[in-house]
Amino acid sequence: MSDPILDAMAAELQRSRQGLRVPGSPRPYHLRYVLRRRRELILEAAHGSLMRRRDRETGNLAVDVRVGSHEFDNVLDGGLAGEESERESADWLLAPDDLEPMALRCALWKLTQIKFDEALEDYYEHRKAMISEYLRDEVSSFTREQPTRHIEPLDDTPLPIDRWAQELVTLSRRLLDHPEFYDPTVCIRGERMHRWLVDSEGSLVRSSDLWLEFEIRGFVLTDDGVYVEVNRTWPGRSIDEMLDAATMATLFDEVIAELHELREAGSPGSFIGPALLSGQAASTMFHEALGHRLEGNRLVARGETRTFAHMLGERILPIGLHVVDDPTVQLLAGRSLWGSYRVDDEGVIAQRAELVRDGVLVGFLRNRTPLPTNQAEHAEPGKRKPPGRSNGHGRTAGVERPMARMGNLIVESDPQHHATTAQLEAQLVELARAQGRRHAAIIHRVRAGETATDSYDFQVFKGELAHVELLDVETGARRRVRDLELIGTPLSALQRIVSFGGELGVDHGYCYAESGSVPVGGVAPAILLSEVELQQASRTGFHEPLLPPPFADDGSGGREGRLRERGRRRRRRSSP
């Protein structure tokens, strides 16, 4: 079946390939055109009103021009060296709204010329770097891959926007009964993306994806002046997966109950000791401490620390733990995974990438950036080492050059090694007692995480904790605490895993890195760490508003709620 958009892109690409020549300068050896047509939806409601209804479509182009050869071209540091968004070409990324073929070709023609000029500049900068520096980790520039032909039908099923908007407004009216819930929103976000890709190797790709998310979010102000966030989310990859009104209301009730619990909870300020992380919380730790450091481009970039570059074949996790990144998995434990795709952004078929086998590092996430021989995949005894090619993990949000990124990072455990929840909690208590500690931590949920991998910064990661309890190892009592962040260094944190469960927790979100924001999934069992460090998250305190919200004003001007105490020191609630 012919696609007029792919036909127009292929025709202009062929014309550019033949015509882009400058005497005495290298010619393009690889061209790639990508068109992304995004429909972005935002519905937000609060206090019985539809606050935002945004439904828009945009089309953006991406052109990759490589001059020179597969062995040496214009790309330095695995593509991590430059900020494409700061260059002239970033001003010419818009595609025509109607995607008329000739207008599309004109837009590609303009962008290709600018990209070609930038590529020549970069080529000579790369040559200059070869003279002034010893690029010890650079082996070649671009892998050779088989062309991909993958054509999907474009899903344009209408989204039930009016129904969703009405359901959100109805649910948000319940916020009028909760003036203690600050800056609340009830929202549905969605993104539908149609993508067309052609390259000079003969690849033709058309794909269609949908990401949806329901969220209830807001803040509660504690007595010591800290705004604590409370939220619940539900992701989906299809309209049928979105929640009905009754289930949305159930999540709303959970948020309100947690809001009151957090308002009464205290903060220990800091904590060190053993901790049990749920599967969802563990997936965030693996994402930040391990996943980002296995992205292949970081192994050849000058500004990176290359944490695991020389550890292939070495143990980095306990026996019985396996780590893969598999964008081909669409469903797990009845949940759709957000990091699923069929073809990556360099036109390579998505593949399962084995990273850790039985605790031993065996591979890296790879796009078409070649890795040094000692950093290629580790072969099993008696088997040949696989060739150094992409494993289908080249990803980008559109503007920056694709790099190796996570899709669905999946941590699995062998049944003969994992423990039950009761066994994990018993081990947690034993660890705390052996260390002479009164409390151990149970981390149920992590809201977000971040890390730094560059050589200029410290090698640390951080997790924003949403649900934490301290367990009294003498009495067995559990106490909800708040205002804490998990901090650690990657190698030491991974070495402190002493036990793990078997039931998998699933997480989702957007991951931000050099190539932009991409949707990812995370899967992991519960893990027991012999020691974690938690630090206070808040940096300052806040007064309550002088007046209550208009819908909750009792006529006292705020005096009934101690709101006129601004400027006085509040008595800090002591923690038991």
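Conventions used here
Residues numbered from 1 in each chain as written. Predicted model: local features only at pLDDT ≥ 70, side-chain atom pairs only at ≥ 80, totals over all residues. Heavy atoms only, no water. Helix = DSSP H or I, 4+ residues; strand = E, 2+ residues; numbered from the N terminus. Expected span 1.5 Å × (residues − 1). Buried < 20%, exposed > 50% of the residue type's maximum accessible area, 1.4 Å probe, protein only. Arc of directions from axis to C-beta. Contact = heavy atoms within 4.5 Å. Phe/Tyr/Trp six-rings, centres within 6.5 Å; stacked < 30°, edge-to-face > 60°. Polar contact = N/O pair within 3.5 Å; in protein donor to acceptor, adjacent residues only side chain to side chain. Pairing = 2+ DSSP bridges. Core = buried A, V, L, I, M, F, W, Y, C linked by side-chain atoms within 4.5 Å. Axes fitted to C-alpha atoms, helices over the stretch in contact; angles between N-to-C directions. Left-handed = near helix turned anticlockwise from the far one by under 90°. Nonpolar A, V, L, I, M, F, W, Y, C, P; charged D, E, K, R; others polar.

A few words on helix α6 (residues 421–434). For α6, spanning 14 residues, the distance from its first C-alpha to its last is 20 Å, which sits close to the expected 20 Å at 1.5 Å a residue. Taken together, the buried positions of α6 are occupied by L424, L428, V429 and A432. The buried residues of α6 occupy an angular sector of 140° when the element is viewed end-on, so they sit on one face. In α6, the exposed residues that point more than 90 degrees away from the buried face are A422, E430 and A434. Residues of α6 that are buried in the fold lie against β7 (270–277), β16 (439–451), β17 (461–472), β20 (497–513) and β21 (516–536). Positioned one or two residues after α6, G436 has a phi angle of 75°, which is positive.

Here we come to the packing of aromatic side chains. The full count for this structure, using the stated rule, is six aromatic pairs. Measuring from centroid to centroid gives 6.4 Å for Y29 and F142, while their planes differ by 75°, and the two rings are edge-to-face. With a gap of 113 residues between them, Y29 in strand β1 (residues 28–46) and F142 in the loop between α2 (101–132) and β3 (149–151) connect regions that are remote in the sequence. F142 carries the same exposure label as Y29, and that label is buried. Note on Y182 and Y227: the rings are 5.6 Å apart at their centroids and 90° apart in plane angle, and the pair reads as edge-to-face.

In this section: the environment of R306. One can find R306 in the loop between α5 (279–289) and β8 (321–325). For R306 and A513, which are 207 residues apart along the polypeptide, the C-alpha to C-alpha distance reads 16 Å. In this structure, R306 is in contact with R136, D137, R298, L299, V300 and A301, ignoring residues within four places of it in sequence. Within polar-contact distance, the side chain of R306 engages the backbone oxygen of E304 at 3.4 Å.

As paired strands, β1 and strand β2 (residues 49–67) are joined by 18 bridges and run antiparallel to one another. Following the sheet pairing, R37 is matched in β2 by G59. A loop of two residues connects β1 with β2, the two strands running antiparallel in sequence, and H47 in this loop sits at a positive phi of about 55°.

Here we take up the nonpolar core. Counting residues in each nonpolar core, the largest one holds 50 residues, and the members touching the most others are L277, F286, L290, F308, L317, L361 and I527. With near-sequence residues (within four places) excluded, F286 lies in contact with G291, L317, L409, V411, L494, I497, A524 and I527. Among the nonpolar cores identified, the runner-up in size contains 32 residues, and L41, L210, V230 and L262 belong to it.

Take unusual backbone geometry next. The backbone phi angle of D183 is positive, close to 50°, even though this residue is not glycine. The topology assignment puts D183 in strand β4 (residues 182–199). Phi is positive for D483, close to 60°, though the residue is something other than glycine. Tracing the chain through its elements places D483 in the loop between β18 (478–481) and β19 (484–488). In this structure D483 comes out as buried when scored by relative accessible area, which is 11%.

Look at helix α1 (residues 4–19) against α2: their axes get within 9 Å of each other, and the N-to-C directions meet at 35°. The handedness of the crossing between α1 and α2 is right-handed. Each of P4, I5, A8, M9, A11, E12, R15 and S16 in α1 lies in contact with α2, whose residues at this interface are P101, L104, R105, L108, W109 and T112. Taken together, the residues that form the contact of α1 with α2 break down as nine nonpolar, two polar and three charged.

Among the secondary structure elements, H287 is positioned in helix α5. Look at H287 and you get buried, because its relative accessible area is 12%. Not counting the four nearest positions on each side in its chain, H287 is found in contact with H292, M406, L409, C511 and V520.

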